[in-house]
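Topology and contacts: notes
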Amino acid sequence: MVTEGIAAVTIGYQLPPPVFPRPRYSAAMETQPHILVVDDDREIRDLLARFLAKHGLRVTTAKDGAEMDKALDDWAIDLVVLDLMMPGEDGLSLTRRLRGQGAAIPIIMLTAMGEDTDRIVGLEVGADDYMPKPFNPRELLARIKAVLRRAQVPQAQRQEPAGGGTRYRFLGWSLDIATRDLTSPDGVVLTLSAGEFDLLQAFVEHPRRVLSRDQLLDFARGRQAIPFDRSIDIQVSRLRRKLNDDAKEPQLIKTVRGGGYLFTPEVEH
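Read on for an overview of the structure.

Procedures and definitions
Residues numbered from 1 in each chain as written. Predicted model: local features only at pLDDT ≥ 70, side-chain atom pairs only at ≥ 80, totals over all residues. Heavy atoms only, no water. Helix = DSSP H or I, 4+ residues; strand = E, 2+ residues; numbered from the N terminus. Expected span 1.5 Å × (residues − 1). Buried < 20%, exposed > 50% of the residue type's maximum accessible area, 1.4 Å probe, protein only. Polar contact = N/O pair within 3.5 Å; in protein donor to acceptor, adjacent residues only side chain to side chain. Salt bridge = Lys/Arg side-chain N within 4 Å of Asp/Glu carboxyl O. Contact = heavy atoms within 4.5 Å. Pairing = 2+ DSSP bridges. Axes fitted to C-alpha atoms, helices over the stretch in contact; angles between N-to-C directions. Phe/Tyr/Trp six-rings, centres within 6.5 Å; stacked < 30°, edge-to-face > 60°. Core = buried A, V, L, I, M, F, W, Y, C linked by side-chain atoms within 4.5 Å.

1. Things to note about helix α5 (residues 137-151)
- With 15 residues, α5 extends 21 Å from end C-alpha to end C-alpha; this agrees with the ideal 21 Å at 1.5 Å per step.
- Taken as a whole, α5 has its buried residues at Pro-137, Leu-140, Leu-141, Arg-143, Ile-144, Ala-146, Val-147, Leu-148 and Arg-150.
- The N-capping residue of α5, defined by a side-chain oxygen 2.8 Å from the backbone nitrogen of Arg-138, is Asn-136.

2. Concerning the pattern of salt bridges
- Per the stated rule, a full pass over the model turns up 15 salt bridges.
- Residues Asp-69 and Arg-97 are paired through a salt bridge, measuring 3.2 Å at the closest nitrogen-oxygen approach. Of the two residues, Asp-69 is situated in helix α2 (residues 65-74) and Arg-97 in helix α3 (residues 91-100); the sequence distance between them amounts to 28 residues.
- Linking Arg-143 and Asp-129 is a salt bridge whose minimum nitrogen-to-oxygen distance equals 2.9 Å.

3. Considering the environment of Leu-110
- Looking at the secondary structure, you find Leu-110 in strand β4 (residues 107-112).
- Accessibility expressed as a relative area gives 1% for Leu-110, which makes it buried.
- The contacts of Leu-110, once residues within four sequence positions are left out, are Asp-39, Leu-48, Val-81, Leu-82, Asp-83, Leu-84, Met-131, Lys-133, Phe-135 and Leu-140.

4. What about the sheet that holds strand β7 (residues 173-176)?
- Across the sheet, four strands lie side by side as β6-β7-β8-β9; this open sheet has antiparallel pairing. In this open sheet, the two edge strands, each paired with only one partner strand, are β6 (167-170) and β9 (189-191). Taking each pair of neighbouring strands and ignoring which way they run, the sheet shows an average axis angle of 25°.
- Bridge count for β6 against β7 is four bridges, and the pairing is antiparallel. Looking across to β7, one finds that Arg-167 is bridged to Asp-176.

5. With respect to the packing of aromatic side chains
- One pass over the structure, following the stated rule, counts two aromatic pairs.
- With a centroid separation of 5.2 Å and an interplanar angle of 80°, the aromatic rings of Phe-170 and Phe-263 are classed as edge-to-face. Here Phe-263 lies in strand β12 (residues 260-263) and Phe-170 lies in strand β6, a separation of 93 residues in the sequence.
- Look at Phe-170 and you get buried, because its relative accessible area is 1%.
- Aromatic side chains Phe-203 and Phe-263 sit 5.6 Å apart centroid to centroid with 15° between the ring planes, which places their arrangement in the stacked category. Remark: Phe-263 occurs in strand β12 and Phe-203 occurs in helix α7 (residues 194-205); sequence separation between them is 60 residues.
- Residue Phe-203 is classed as buried on the basis of its relative accessible area, which comes to 0%.
- With a relative accessible area of 0%, Phe-263 lands in the buried category.

6. As for the nonpolar core
- One finds Phe-170, Leu-200, Phe-203 and Ile-253 to be the most contacted residues of the largest nonpolar core, which totals 25 residues.
- Put simply, the parts of the chain that give this core at least two residues each are β6, β7, α7, α8 (213-221), α9 (231-242) and β12.
- Element by element, the count of residues in this core is highest for α7, at six residues.
- With sequence-adjacent residues up to four places away left out, Ile-253 is seen in contact with Phe-203, Val-236, Leu-239, Arg-240, Leu-243, Asp-245, Tyr-261, Leu-262 and Phe-263.
- Counting 21 residues, the second largest nonpolar core, distinct from the first, contains Ala-62, Leu-92, Met-109 and Ile-234.

7. A closer look at unusual backbone geometry
- Of the consecutive residues Lys-133 and Pro-134, the connecting peptide bond is found in the cis state with omega at -5°.
- Structurally, Pro-134 can be placed in the loop between β5 (129-133) and α5.
- One non-glycine residue, Arg-180, lies in the positive phi region at around 65°.
- Checked against the element boundaries, Arg-180 lands in the loop between β7 and β8 (181-183).
- Classification of Arg-180 as buried rests on a relative accessible area of 16%.
- In this model, Asn-244 sits at a positive phi of 55°, which is unusual for a non-glycine residue.
- By the element assignment, Asn-244 lies in the loop between α9 and β11 (253-256).

If you want it as structure tokens, here you go:
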């Protein structure tokens, strides 16, 4: 892989001692988010691991899908930084497999500059964000923190007893805010990615109202989030598929030309 994508890591930055794939952490570090970096280029893995560890994150690295699977089994991983172009099972395949298994773990995909189609496909198959190479590692750190904020469920909400919390219902569908589960009219429970959940929550909380892309970014991610181009359109496309909403003639999430999107159903909660 090309290493100039994170060359900025080494500029004016004294590298700490090497980070091993299975590091030992202090009790204080055990409370920090745990990031899994998956890239076939060892130099990129090590540089990113050292940079992220310097900024207070726990880091585990993997060179391929097999090591990624082992890390996910061994550790409670909070977010995966995943390279798109890897030999064997590439980033798209790994993302598709994780989402197919129902894993909702946030994924940030690293892509080569100019590969627009791959970035779009990556988001469509379930990545939560992407970073084009070359990139500034500080921006990657900011995006990691933003995605983690969006994915976080408040502890009080996690401990809420069954049947509590807010549940939104529309056209036979049900969205449980506490568990973040979407249940179909047939009773099938669907797992949503962090981005899909945030966007659907914004829609059900503002039904029958035209929302611009900027408003949706605000509602779904908060003002401190870092928006990326056309991300809302891609998330809408993914939500439509989850809701069995025909993309050519959508009935639930309608596109308003020049305005944004309209969530049409009546919502009860």
